[in-house]
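# Summary of the model geometry
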Amino acid sequence: MLTLTDIAALHDQLTSRWHQEAIETWQPPSGQHAGQHAAWTTLVARQHLANFELWHTEDEARTPGATDADLARIKRRIDETNQRRNDLSEQIDEMLLDALASLGLPNQEAPLHSESPGLMIDRLSILALKIFHTREEMQRSGAPAGHAERNRARLDILTGQRDELAACLDRLWAETLAGSRRFKLYRQLKMYNDPALNPAVYRNPG
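Residues numbered from 1 in each chain as written. Predicted model: local features only at pLDDT ≥ 70, side-chain atom pairs only at ≥ 80, totals over all residues. Heavy atoms only, no water.

## Points about helix H1 (residues 4-18)
Put simply, the rule reads: Segments assigned H or I by DSSP are reported as helices when at least four residues long, segments assigned E as strands when at least two residues long, and all are numbered from the N terminus. Expected helix span is given by 1.5 Å per residue-to-residue step, counting one fewer step than there are residues. Categorising residues by exposure relies on relative accessible area from a 1.4 Å probe, with only protein chains included: less than 20% of the type maximum marks a residue as buried, more than 50% marks it as exposed, and the intermediate range marks it as partly exposed. It is the directions from the helix axis to the C-beta atoms whose arc is reported. Residues count as neighbours in contact if any of their non-hydrogen atoms are within 4.5 Å of one another.
Spanning 15 residues, H1 covers 21 Å between terminal C-alpha atoms, matching the ideal 21 Å at 1.5 Å per step. Buried residues of H1: Leu4, Ile7, Leu10, His11, Leu14, Thr15 and Trp18, and no others. End-on view of H1: buried residues confined to an arc of 125°, all on one side of the axis. In this structure, H1 carries Thr5 and Gln13 as exposed residues pointing more than 90 degrees from its buried face. Packed against the buried residues of H1 are helix H2 (36-61), helix H4 (117-138) and helix H5 (147-178).

## Things to note about empty space enclosed by the protein
The criterion, for reference: Throughout, the protein atoms alone are placed on a 1 Å grid, and a set of points is a cavity if a 1.4 Å probe fits but cannot get out or a pocket if it is open with protein on both sides within 12 Å along at least five of seven lines; lining residues have an atom within 4 Å of a point. Grid points are joined across faces, edges and corners, and a volume is the space filled by probe spheres set on the points. In this classification, the charged set is Asp, Glu, Lys and Arg, the nonpolar set is Ala, Val, Leu, Ile, Met, Phe, Trp, Tyr, Cys and Pro, and all remaining amino acids, among them Gly, are polar.
Under the definition given, this model contains one cavity of 30 Å³ or more. The computed volume of the largest cavity comes to approximately 30 Å³. Looking at the largest cavity, the residues that line it are Leu4, Ile7, Ala8, His11, Leu124 and Ala166. Looking at the lining of the largest cavity, the element that brings in the most residues is H1, giving four residues. Among the residues forming the lining of the largest cavity, the class breakdown is five nonpolar, one polar and no charged.

## A few points about unusual backbone geometry
Residues Leu105 and Pro106 are joined by a peptide bond in cis, for which omega reads 0°. Positionally, Pro106 belongs in the loop between helix H3 (68-101) and H4.

## Quick notes on the side chain of Ser116
Relative to the helices and strands, Ser116 is located in the loop between H3 and H4. Ignoring anything within four residues of it in the chain, the contact list for Ser116 reads Asp93, Phe183 and Lys184.

## Examining the environment of Asp87
Tracing the backbone shows Asp87 in helix H3. Considered as a pair, Asp87 and Gln188 are 101 residues apart in the sequence and their alpha carbons are 8.1 Å apart.

## A word on the pattern of salt bridges
For side chains bearing opposite charge, pairing can occur when the charged atoms are close. The criterion, for reference: We define a salt bridge as a contact between a side-chain nitrogen of Lys or Arg and a carboxyl oxygen of Asp or Glu at a distance within 4 Å.
Applying the stated criterion to the full structure yields 14 salt bridges. Between Asp70 and Arg73 there is a salt bridge whose closest N-O contact spans 3.6 Å. Placement of both Asp70 and Arg73 in helix H3 is noted, with a separation of three residues, approximately one turn of the helix. Assessed through its relative accessible area of 41%, Arg73 is described here as partly exposed. For Glu115, the salt bridge identified is with Arg123, shortest N-O distance 2.9 Å. Ionic contacts of the salt-bridge type, sharing partners, join the residues Glu60, Asp70, Arg73 and Arg77 into one network.

Below, the structure is given as C-alpha cells:
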C-alpha cells in the first residue's frame, strides 16, 4: 500500500495536471485498480488536492489591492481547507493502521516514532508543490538577473529534502512491518474551527 515512488509520482502528476485545468474540474483520481489500492490512491490524492488549493488560496490572500472583505473571505476558505487537509492526513494514518491491524501490527512494545506517515505524506505533498513552483520560477521570462540561478539552488535543496523525507518514511514503514518501530494516530484537535471552543466565536454569538 505504501509505495513511496508511487506517492511522489502521484503528487507530481496531479500537481502538473491541476495547473492545466479550471478549478471546477479539480477532482482526485478514482484509481484504476479495484479495492484497497484505489481507495488508498484516492485518499492520498484528496489530501494533496487540499494542499494544492491551500497553496493557491494563500497566494490569493497576498494579491496587491485585496480589500478587507476579500481577505476575510479568503481567510475563511483557508481555515476550511486547512481543516480538510488535517482531516485527510488523519484518514491516511487510519487507513494504514487498519491495514497493519490485519497483520497484528504495530507492535505495541516497539519504540514509538514521533511523526506519523500521514503527517510525513503531508510534508511530501507540500514539497511537491514547492518543487513545481520553483521550476516555474526558473523558467519565468522577464525575471531579473540571477533569478533562475537562485531558484536552481532552491530546487536542489528541495529535491534533496524530499528524497531524505521519503527515505525516512520508507524506513519507518519497513520497521513498522518488521515490528521494530510503531506509530500512532495523533489527532490534530484544531480549536479555531469549533464554535464551542473558540472564544472569539462563543463570546460573540451574534
